[in-house]
2 protein chains.
Amino acid sequence: MEDGKGAPNPCDRVSSEGPKVREVLDRVGDKWSLLIIGTLQHGPRRFGELRQAIGGISQRMLTLNLRHLERDGLVTRSVYAEVPPRVEYELTRLGRTLLEPVFALAAWATANYSEIEANRRTFDAR
Amino acid sequence: MEDGKGAPNPCDRVSSEGPKVREVLDRVGDKWSLLIIGTLQHGPRRFGELRQAIGGISQRMLTLNLRHLERDGLVTRSVYAEVPPRVEYELTRLGRTLLEPVFALAAWATANYSEIEANRRTFDAR
DNA sequence: CGGAATCCGATGCGATACTG
DNA sequence: CAGTATCGCATCGGATTCCG
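Because the structure is predicted, anything quoted here is derived from the model rather than measured.

A. Just the protein's contact with DNA strand C, in detail. What surrounds DNA strand C is a group of 21 residues, the closest being Lys31(A), Trp32(A), Met61(A), Phe47(B) and Arg77(B). Here the atoms of DNA strand C within 4 Å of the protein split so that 64% fall in sugar or phosphate, with bases taking the remainder. In this structure, Arg77(B) approaches DNA strand C through a side-chain N or O atom, which is 2.5 Å from a phosphate oxygen. For DNA strand C, a phosphate oxygen lies 2.9 Å from a polar atom in the side chain of Tyr89(B). Only helix 5 (59–71) of chain A together with helix 4 (47–54), helix 5 (59–71) and strand 3 (86–91) of chain B provide two or more residues apiece to the surface near DNA strand C. In terms of residue count, helix 5 of chain B provides more of the surface near DNA strand C than any other element does, 4 residues in total. Classifying every residue of the surface near DNA strand C by side-chain character gives 8 nonpolar, 6 polar and 7 charged.

B. Quick peek at the protein's contact with DNA strand D. The environment of DNA strand D is made up of 20 residues, and the closest members are Arg46(A), Gly48(A), Arg77(A), Tyr89(A) and Met61(B). Atoms of DNA strand D within 4 Å of the protein belong to the sugar or the phosphate in 62% of instances, the rest to bases. In the environment of DNA strand D, a sugar or linking oxygen lies 3.5 Å from a nitrogen or oxygen atom belonging to the backbone of Pro85(A). Between a phosphate oxygen of DNA strand D and a main-chain N or O atom of Lys31(B), the distance comes to 3.1 Å. At the level of elements, helix 4 (47–54), helix 5 and strand 3 (86–91) of chain A together with helix 5 of chain B are the ones that each hand at least two residues to the surface near DNA strand D. Class assignment for the residues of the surface near DNA strand D results in 8 nonpolar, 5 polar and 7 charged.

C. Broad picture of the relation of the copies chain A and chain B. Once chain A is rotated about the relating axis by 180° and shifted along it by 0.0 Å, it coincides with chain B to within an RMSD of 0.1 Å. What the rotation and shift describe, once combined, is the action of a two-fold rotation axis. Residues of chain A ranked by C-alpha distance from the rotation axis are headed by Gly29(A), positioned 2.3 Å from it. Taken as a fraction of all interface residues of chain A, those also at the interface in chain B reach 98%, which identifies the copy contact as same-surface.

D. Representation of the pairing of strand 2 (residues 75–80) of chain B within the structure. Residues and elements named next belong to chain B. The pairing of strand 2 with strand 3 spans 6 bridges and is antiparallel. Bridging from a neighbouring strand, Val-75 pairs with Leu-91 of strand 3. With antiparallel pairing between neighbouring strands as the criterion, strand 2 and strand 3 make up a hairpin whose turn holds 5 residues.

What counts and how
Residues numbered from 1 in each chain as written. Chains lettered and ligands numbered in written order. Predicted model: local features only at pLDDT ≥ 70, side-chain atom pairs only at ≥ 80, totals over all residues. Heavy atoms only, no water. Near = heavy atom within 4 Å. Polar contact = N/O pair within 3.5 Å; in protein donor to acceptor, adjacent residues only side chain to side chain. Helix = DSSP H or I, 4+ residues; strand = E, 2+ residues; numbered from the N terminus. Nonpolar A, V, L, I, M, F, W, Y, C, P; charged D, E, K, R; others polar. Least-squares fit on C-alpha atoms with pLDDT ≥ 70 in both. Contact = heavy atoms within 4.5 Å. Pairing = 2+ DSSP bridges.

Put into structure tokens, the structure is as follows:
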């Protein structure tokens, strides 16, 4: 806004285009979506594989989250008419592009986790 | 994990270090924290300024979120004993480093928002 | 002005049971 | 195996009221 030129400054997007950012965080910011996306990064996975790889997720939430990701075009759902049935989930091109900023956030998280923990202990001790 | 070297691969951090990433998303992934951080990027702001700049946030949630951010050491809270009282919030060094990955996510959001919207319409129309 | 306290509805999420 | 349906709890978040 204090930028004379018309060049889009990503530093102002968080506040100026808040709704869009929030829309993305509503998808990615919940308890499981990011873990699902991270588990799918290496290639297609079956429902049960995802469940086992993630660990601790109920089948209900796994189903719901996969539906949401599918709706937004971040993953594809492929059903194979076999017995027993087999369903595979895979990241779309759009989903794979999301991996980049997500990894950036993950890197920040692992790098600064201990400092945050220390801050919390200090704050709680007051 | 399939990386022979000891070099940390950020691409595996989402799934392997899920808890830490989730911890960060629990702070940043809620409805307002990111907007608050984005609004604070230009410098210190008073409580009322934040409220007005963000728009639509209740004072309850603004207070709560600011406390959480303060607890994690992402913002500082400075109280000036005046009448009427003045309280200023400012990003810490740690908070400013968080801006980078957040901007990356914001850039992705603005770049791909329309595609996501289109995907949703297609999905909902089935 | 900045914030704490309370009430309340909406949503997230897990546990369980059932189905093609 | 991969869901769907239903329940019940916990948390999120808004509106309102009171306080220093």
